[in-house]
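Overview (structure and organization)
Below are the chains, spelled out letter by letter.
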Amino acid sequence: MKGKFITFEGCEGVGKSTQAKLLIKYLEEKGYDVVFTREPGGTPVAERIREILLDPTLEITSRTEAHLFVAARNDHIENVILPNLEKGKIVICDRYVDSSIAYQGVARNLGIEYIEELNKVAFETCLPDCTVFINMDPANSWRKQIGEVIEDDRMESENAMFHAKCFKGFLEASKRYKNRYLVVEPLEDKMQTFNKILEGLKDRKII
Ligand code: TYD
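The structure contained in this document is the topic of the report that follows. Note that the structure is a prediction, hence the values are computed from the model and not measured.

As for the environment of Thr131
- Examined against the element boundaries, Thr131 turns out to sit in strand 4 (residues 130-134).
- What Thr131 contacts, discounting residues up to four positions off in sequence, is Thr7, Glu9, Asp98, Arg180, Tyr181 and Leu182.
- Polar contacts involving the side chain of Thr131 include one to the side chain of Arg180, which spans 2.7 Å.

Structural notes on the nonpolar core
- Counting 57 residues, the largest nonpolar core has Ile6, Leu23, Ile92, Val132 and Leu201 as the members making the most contacts within it.
- Discounting chain neighbours no more than four positions away, the residues touching Ile92 are Ile6, Phe8, Ala20, Leu23, Ile24, Leu27, Val34, Val35, Phe36 and Thr37.
- Leu53, Ile60, Leu68 and Ala72 belong to the second largest nonpolar core, which has 7 residues in total.

Focus: the site of the ligand
- Every one of the 14 residues lining the ligand counts as a neighbour, but Glu12, Lys16, Arg73, Ser100 and Gln104 are closest to it.
- Here an oxygen atom of the ligand sits 3.2 Å away from a polar atom, N or O, in the side chain of Arg50.
- Within the side chain of Gln104, an N or O atom sits 2.8 Å from a nitrogen atom of the ligand.
- Among the detected pockets, the ligand sits in the largest pocket.
- Those elements that provide at least two residues to the shell around the ligand are helix 2 (44-54), helix 3 (62-86) and helix 4 (97-107).
- Ranked by residues supplied to the shell around the ligand, first place goes to helix 4 with 4 residues.
- For the shell around the ligand, the class distribution of residues is 5 nonpolar, 3 polar and 6 charged.

Overview of the pattern of salt bridges
- Following the criterion strictly, the structure yields 14 salt bridges and no others.
- Two residues, Asp94 and Lys16, come together in a salt bridge whose shortest N-O distance is 2.9 Å. Of this pair, Asp94 sits in strand 3 (residues 90-94) while Lys16 sits in helix 1 (residues 16-29), and the two are 78 residues apart along the sequence.
- The salt bridge partner of Arg176 is Glu116, with a shortest N-O separation of 2.9 Å. On the criterion of sequence distance, the pair formed by Arg176 in helix 8 (residues 160-176) and Glu116 in helix 5 (residues 112-118) is long-range, its members being 60 residues apart.
- Note on Arg176: relative accessible area 40%, which makes it partly exposed.

About the criteria used
- Residues numbered from 1 in each chain as written.
- Predicted model: local features only at pLDDT ≥ 70, side-chain atom pairs only at ≥ 80, totals over all residues.
- Heavy atoms only, no water.
- Helix = DSSP H or I, 4+ residues; strand = E, 2+ residues; numbered from the N terminus.
- Contact = heavy atoms within 4.5 Å.
- Polar contact = N/O pair within 3.5 Å; in protein donor to acceptor, adjacent residues only side chain to side chain.
- Core = buried A, V, L, I, M, F, W, Y, C linked by side-chain atoms within 4.5 Å.
- Buried < 20%, exposed > 50% of the residue type's maximum accessible area, 1.4 Å probe, protein only.
- Near = heavy atom within 4 Å.
- 1 Å grid on protein atoms, 1.4 Å probe; cavity = no way out; pocket = protein on both sides within 12 Å on 5 of 7 lines; lining within 4 Å.
- Sits in = over half its atoms within 2 Å of the grid points.
- Nonpolar A, V, L, I, M, F, W, Y, C, P; charged D, E, K, R; others polar.
- Salt bridge = Lys/Arg side-chain N within 4 Å of Asp/Glu carboxyl O.

By themselves, these figures tell us nothing about what the structure is for.
Written out as C-alpha coordinates, the structure reads:
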(Lines give C-alpha, C1' and ligand atoms only; values in the text may rest on other atoms or scores of the structure.)
Protein backbone atom coordinates (compact mmCIF):
# COMPACT_ATOMS: atom_id res chain seq x y z
CA MET A 1 0.00 0.00 0.00
CA LYS A 2 1.54 3.27 -1.11
CA GLY A 3 -0.90 5.88 0.22
CA LYS A 4 -1.85 6.99 3.72
CA PHE A 5 -5.18 6.44 5.42
CA ILE A 6 -6.25 8.93 8.11
CA THR A 7 -9.60 8.77 9.90
CA PHE A 8 -11.31 11.28 12.20
CA GLU A 9 -13.42 10.08 15.11
CA GLY A 10 -15.34 11.55 18.01
CA CYS A 11 -18.80 12.29 19.34
CA GLU A 12 -21.40 14.56 17.73
CA GLY A 13 -20.69 18.29 17.52
CA VAL A 14 -17.04 18.22 18.66
CA GLY A 15 -15.58 19.72 15.48
CA LYS A 16 -14.32 16.52 13.88
CA SER A 17 -15.43 17.40 10.35
CA THR A 18 -14.03 20.95 10.68
CA GLN A 19 -10.63 19.52 11.60
CA ALA A 20 -10.74 16.99 8.75
CA LYS A 21 -11.44 19.83 6.29
CA LEU A 22 -8.58 21.94 7.69
CA LEU A 23 -6.23 19.01 7.16
CA ILE A 24 -7.35 18.54 3.56
CA LYS A 25 -6.83 22.21 2.79
CA TYR A 26 -3.37 22.10 4.36
CA LEU A 27 -2.34 18.95 2.46
CA GLU A 28 -3.72 20.18 -0.86
CA GLU A 29 -1.81 23.43 -0.49
CA LYS A 30 1.33 21.34 0.05
CA GLY A 31 0.59 19.59 -3.25
CA TYR A 32 -0.57 16.22 -1.92
CA ASP A 33 -3.22 14.23 -3.75
CA VAL A 34 -6.02 13.95 -1.19
CA VAL A 35 -9.33 12.10 -1.25
CA PHE A 36 -11.91 13.17 1.33
CA THR A 37 -14.70 10.79 2.13
CA ARG A 38 -17.08 9.90 4.97
CA GLU A 39 -18.95 7.07 6.63
CA PRO A 40 -21.60 5.93 6.41
CA GLY A 41 -21.37 6.84 2.73
CA GLY A 42 -18.71 7.59 0.15
CA THR A 43 -20.15 5.47 -2.68
CA PRO A 44 -23.59 5.49 -4.36
CA VAL A 45 -24.54 2.22 -2.60
CA ALA A 46 -23.22 3.30 0.79
CA GLU A 47 -24.98 6.69 0.50
CA ARG A 48 -28.26 4.81 -0.05
CA ILE A 49 -27.57 2.67 3.03
CA ARG A 50 -26.82 5.92 4.91
CA GLU A 51 -30.31 7.19 4.10
CA ILE A 52 -31.80 4.09 5.76
CA LEU A 53 -29.47 4.27 8.78
CA LEU A 54 -30.20 7.93 9.54
CA ASP A 55 -33.93 7.92 8.75
CA PRO A 56 -35.68 8.90 12.01
CA THR A 57 -38.94 7.29 10.88
CA LEU A 58 -37.41 3.79 10.80
CA GLU A 59 -36.97 1.42 13.71
CA ILE A 60 -33.84 -0.64 13.22
CA THR A 61 -32.58 -3.31 15.61
CA SER A 62 -29.04 -2.99 16.92
CA ARG A 63 -27.74 -6.00 15.01
CA THR A 64 -29.35 -4.89 11.76
CA GLU A 65 -27.87 -1.44 12.28
CA ALA A 66 -24.37 -2.89 12.84
CA HIS A 67 -24.68 -5.02 9.68
CA LEU A 68 -25.88 -2.08 7.59
CA PHE A 69 -22.88 0.00 8.69
CA VAL A 70 -20.61 -2.91 7.70
CA ALA A 71 -22.30 -3.37 4.32
CA ALA A 72 -21.80 0.33 3.58
CA ARG A 73 -18.19 0.11 4.81
CA ASN A 74 -17.33 -2.89 2.64
CA ASP A 75 -18.59 -1.11 -0.47
CA HIS A 76 -16.60 1.97 0.52
CA ILE A 77 -13.40 -0.01 1.19
CA GLU A 78 -13.58 -1.90 -2.11
CA ASN A 79 -14.53 1.01 -4.34
CA VAL A 80 -12.95 4.08 -2.79
CA ILE A 81 -10.52 3.54 0.07
CA LEU A 82 -8.30 0.70 -1.19
CA PRO A 83 -8.16 1.79 -4.86
CA ASN A 84 -7.08 5.30 -3.85
CA LEU A 85 -4.50 4.05 -1.36
CA GLU A 86 -3.11 1.82 -4.10
CA LYS A 87 -2.77 4.91 -6.30
CA GLY A 88 -0.67 6.49 -3.53
CA LYS A 89 -3.24 9.07 -2.41
CA ILE A 90 -3.91 10.32 1.10
CA VAL A 91 -7.41 9.15 2.02
CA ILE A 92 -9.09 11.12 4.80
CA CYS A 93 -12.30 9.69 6.16
CA ASP A 94 -14.80 11.36 8.50
CA ARG A 95 -15.73 8.39 10.81
CA TYR A 96 -14.79 4.77 10.15
CA VAL A 97 -14.69 1.44 11.98
CA ASP A 98 -14.07 3.03 15.41
CA SER A 99 -17.51 4.64 15.23
CA SER A 100 -18.94 1.11 14.94
CA ILE A 101 -16.90 0.05 17.99
CA ALA A 102 -18.17 3.02 20.01
CA TYR A 103 -21.78 3.28 18.79
CA GLN A 104 -22.75 -0.32 18.04
CA GLY A 105 -20.21 -2.20 20.15
CA VAL A 106 -20.43 -0.14 23.33
CA ALA A 107 -23.48 2.16 23.19
CA ARG A 108 -25.76 -0.47 21.63
CA ASN A 109 -24.19 -3.15 23.84
CA LEU A 110 -23.34 -5.56 21.02
CA GLY A 111 -19.80 -5.97 22.39
CA ILE A 112 -16.48 -4.90 20.93
CA GLU A 113 -15.49 -8.45 19.87
CA TYR A 114 -18.73 -8.86 17.93
CA ILE A 115 -18.06 -5.63 16.03
CA GLU A 116 -14.45 -6.61 15.38
CA GLU A 117 -15.57 -9.94 13.95
CA LEU A 118 -18.20 -8.28 11.76
CA ASN A 119 -15.65 -5.73 10.54
CA LYS A 120 -12.97 -8.29 9.70
CA VAL A 121 -12.40 -6.78 6.26
CA ALA A 122 -11.56 -3.41 7.81
CA PHE A 123 -9.48 -4.86 10.64
CA GLU A 124 -7.55 -7.26 8.43
CA THR A 125 -7.11 -5.38 5.17
CA CYS A 126 -7.81 -1.71 5.67
CA LEU A 127 -6.88 -0.19 9.03
CA PRO A 128 -6.03 3.52 9.22
CA ASP A 129 -2.39 4.59 9.50
CA CYS A 130 -3.70 7.07 12.02
CA THR A 131 -7.02 7.67 13.75
CA VAL A 132 -7.40 11.23 15.01
CA PHE A 133 -9.74 11.14 18.00
CA ILE A 134 -11.20 14.45 19.13
CA ASN A 135 -11.43 13.77 22.84
CA MET A 136 -14.43 15.80 23.97
CA ASP A 137 -17.39 14.83 26.14
CA PRO A 138 -20.58 15.19 24.04
CA ALA A 139 -22.34 16.63 27.11
CA ASN A 140 -20.41 19.86 26.58
CA SER A 141 -19.59 19.70 22.89
CA TRP A 142 -19.05 22.95 20.96
CA ARG A 143 -22.47 22.47 19.43
CA LYS A 144 -24.08 22.24 22.92
CA GLN A 145 -22.07 25.24 24.13
CA ILE A 146 -23.53 27.48 21.45
CA GLY A 147 -26.97 26.08 22.20
CA GLU A 148 -27.41 24.47 18.80
CA VAL A 149 -29.36 21.24 19.11
CA ILE A 150 -29.72 19.27 15.93
CA GLU A 151 -31.74 16.14 16.35
CA ASP A 152 -32.81 15.53 12.82
CA ASP A 153 -31.32 12.10 12.28
CA ARG A 154 -31.93 8.73 13.91
CA MET A 155 -28.58 8.61 15.73
CA GLU A 156 -28.46 12.25 16.84
CA SER A 157 -31.90 12.00 18.39
CA GLU A 158 -30.73 9.29 20.81
CA ASN A 159 -30.63 10.48 24.46
CA ALA A 160 -27.70 11.90 26.43
CA MET A 161 -27.03 8.53 28.07
CA PHE A 162 -26.52 6.93 24.65
CA HIS A 163 -24.06 9.63 23.58
CA ALA A 164 -22.21 9.31 26.92
CA LYS A 165 -21.81 5.59 26.19
CA CYS A 166 -20.47 6.37 22.71
CA PHE A 167 -17.87 8.61 24.34
CA LYS A 168 -16.92 5.80 26.74
CA GLY A 169 -16.65 3.51 23.70
CA PHE A 170 -14.20 5.86 21.97
CA LEU A 171 -12.10 6.09 25.13
CA GLU A 172 -11.97 2.29 25.25
CA ALA A 173 -11.05 2.12 21.57
CA SER A 174 -8.27 4.68 22.10
CA LYS A 175 -6.69 2.30 24.62
CA ARG A 176 -7.36 -0.90 22.72
CA TYR A 177 -5.91 0.39 19.43
CA LYS A 178 -3.47 2.87 20.95
CA ASN A 179 -0.76 2.37 18.30
CA ARG A 180 -2.81 4.01 15.60
CA TYR A 181 -4.61 6.56 17.83
CA LEU A 182 -3.78 10.24 17.98
CA VAL A 183 -5.84 11.59 20.88
CA VAL A 184 -6.39 15.33 20.70
CA GLU A 185 -8.04 17.46 23.38
CA PRO A 186 -9.76 20.25 21.44
CA LEU A 187 -9.14 23.88 22.32
CA GLU A 188 -11.54 26.75 21.80
CA ASP A 189 -9.37 28.10 18.99
CA LYS A 190 -9.82 25.60 16.18
CA MET A 191 -6.46 26.53 14.62
CA GLN A 192 -4.69 25.64 17.87
CA THR A 193 -6.45 22.27 17.81
CA PHE A 194 -5.44 21.84 14.20
CA ASN A 195 -1.80 22.59 15.02
CA LYS A 196 -1.85 19.83 17.63
CA ILE A 197 -3.19 17.40 15.01
CA LEU A 198 -0.54 18.47 12.51
CA GLU A 199 2.22 18.03 15.06
CA GLY A 200 0.94 14.57 15.99
CA LEU A 201 0.75 13.46 12.36
CA LYS A 202 4.25 14.75 11.65
CA ASP A 203 5.69 13.10 14.79
CA ARG A 204 4.31 9.79 13.58
CA LYS A 205 5.66 10.37 10.07
CA ILE A 206 2.18 10.08 8.61
CA ILE A 207 2.61 13.31 6.67
P1 TYD B 1 -23.13 12.04 10.50
O2 TYD B 1 -24.12 13.11 10.18
O3 TYD B 1 -22.11 11.74 9.48
O4 TYD B 1 -22.49 12.35 11.92
P5 TYD B 1 -21.47 13.43 12.37
O6 TYD B 1 -21.84 14.72 11.70
O7 TYD B 1 -21.59 13.48 13.86
O8 TYD B 1 -20.14 12.89 11.96
O9 TYD B 1 -23.97 10.74 10.87
C10 TYD B 1 -23.39 9.54 11.09
C11 TYD B 1 -24.00 8.94 12.32
O12 TYD B 1 -23.80 7.53 12.28
C13 TYD B 1 -23.35 9.44 13.61
O14 TYD B 1 -24.35 9.59 14.58
C15 TYD B 1 -22.46 8.29 14.02
C16 TYD B 1 -23.15 7.09 13.46
N17 TYD B 1 -22.27 5.96 13.11
C18 TYD B 1 -22.41 4.74 13.77
O19 TYD B 1 -23.26 4.62 14.66
N20 TYD B 1 -21.62 3.69 13.40
C21 TYD B 1 -20.69 3.78 12.41
O22 TYD B 1 -19.99 2.80 12.10
C23 TYD B 1 -20.55 5.04 11.71
C24 TYD B 1 -19.56 5.20 10.61
C25 TYD B 1 -21.37 6.10 12.11
